[in-house]
Amino acid sequence: MKKQRICVEDIKENSDNPRTISDYMLDVLAKSIIVLPAMLEVRPIVLSPDIKPIGGNQRVKALLRIIDMPLNEIQYILEDAGKLKYLPI
């Protein structure tokens, strides 16, 4: 499998994805990615050749939510988890 970094905003939605996620659980997932981003390396998002997620649809949605978060909200999440020292600002 070829690993490659791409902009999450370039990933197209997979309309064939049978899974759904509530707003609450999407927030929980987004917070867990903020606190432990290394998990994205452990469980990478798998994309089809046309840049649609085959595995990781919900993680893509969470990453898109994180992109739209104000920095102070991300700082609060990291402070709450005791990880603010890892924020590169």
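Residues numbered from 1 in each chain as written. Predicted model: local features only at pLDDT ≥ 70, side-chain atom pairs only at ≥ 80, totals over all residues. Heavy atoms only, no water.

**Student:** It is not clear to me how the packing of helix 1 (residues 23–35) against helix 3 (residues 57–67) should be interpreted in this structure. Could you clarify?
**Tutor:** Helix packing for two helices is described by the angle between their axes and how far apart those axes are. Where helix 1 meets helix 3, the closest approach of the two axes is 9 Å, and the angle between their N-to-C directions is 75°. Put simply, helix 1 runs roughly perpendicular to helix 3. Contact residues: D23, L26, D27, L29, A30, I33 and I34 in helix 1; Q58, R59, K61, A62, L63, R65 and I66 in helix 3. Tallied by class, the residues present in the contact of helix 1 with helix 3 amount to eight nonpolar, one polar and five charged. (Axes fitted to C-alpha atoms, helices over the stretch in contact; angles between N-to-C directions. Helix = DSSP H or I, 4+ residues; strand = E, 2+ residues; numbered from the N terminus. Parallel < 35°, antiparallel > 145°, perpendicular 65-115°, else oblique. Contact = heavy atoms within 4.5 Å. Nonpolar A, V, L, I, M, F, W, Y, C, P; charged D, E, K, R; others polar.)

**Student:** Any chance you could explain the layout of surface pockets here in plain terms?
**Tutor:** Empty space among the atoms can be located by rolling a probe the size of a water molecule over them. Of the volumes computed, that of the largest pocket is approximately 770 Å³. For the largest pocket, the lining is made up of 19 residues, of which Q4, R5, I6, P44 and I45 are closest to its centre. Mapped onto the lining of the largest pocket, the elements with two or more residues apiece are helix 2 (39–42) and strand 1 (46–47). Among the residues making up the lining of the largest pocket, the classes are represented as 13 nonpolar, two polar and four charged. (1 Å grid on protein atoms, 1.4 Å probe; cavity = no way out; pocket = protein on both sides within 12 Å on 5 of 7 lines; lining within 4 Å. Points joined across faces, edges and corners; volume = space filled by probe spheres on them.)

**Student:** What exactly am I supposed to notice about helix 1 here?
**Tutor:** Owing to its 3.6 residues per turn, the α-helix aligns residues three or four sequence positions apart on the same side. Its 13 residues place the ends of helix 1 18 Å apart at the C-alpha level, agreeing with the 18 Å of an ideal helix rising 1.5 Å per residue. All of the buried residues in helix 1 are L26, A30, I33 and I34. One side of helix 1 holds all its buried residues, which, seen down the axis, span an arc of 100°. (Expected span 1.5 Å × (residues − 1). Buried < 20%, exposed > 50% of the residue type's maximum accessible area, 1.4 Å probe, protein only. Arc of directions from axis to C-beta.)

**Student:** Looking at this model, I keep getting lost on the side chain of N17. Mind explaining?
**Tutor:** Take N17: it is sitting in the segment before helix 1. Overall, N17 belongs to the buried group, its relative accessible area being 19%. Within the structure, N17 has its side chain in polar contact with the side chain of N57 (distance 3.5 Å). (Polar contact = N/O pair within 3.5 Å; in protein donor to acceptor, adjacent residues only side chain to side chain.)

**Student:** Explain the confidence of the model for the protein chain here, please?
**Tutor:** For residues with low pLDDT, the predicted coordinates do not support detailed interpretation. Confidence in the prediction of the protein chain, expressed as mean pLDDT, is 88, and 91% of residues score 70 or more. Highest mean pLDDT in the protein chain belongs to helix 3 (95); lowest belongs to helix 2 (89). (pLDDT = per-residue confidence, 0-100.)

**Student:** What is the right way to read the nonpolar core from this model?
**Tutor:** Most often, soluble globular proteins have nonpolar side chains that are buried together. Within the largest apolar cluster, 14 residues are counted, with the highest numbers of intra-cluster contacts made by I34, I66, M69 and I74. Of all elements in the fold, only helix 1, helix 3 and helix 4 (71–80) reach the threshold of two or more residues within this core. Once residues within four sequence positions are removed from consideration, I34 is found in contact with I66, M69, I74, I77 and L78. (Core = buried A, V, L, I, M, F, W, Y, C linked by side-chain atoms within 4.5 Å.)

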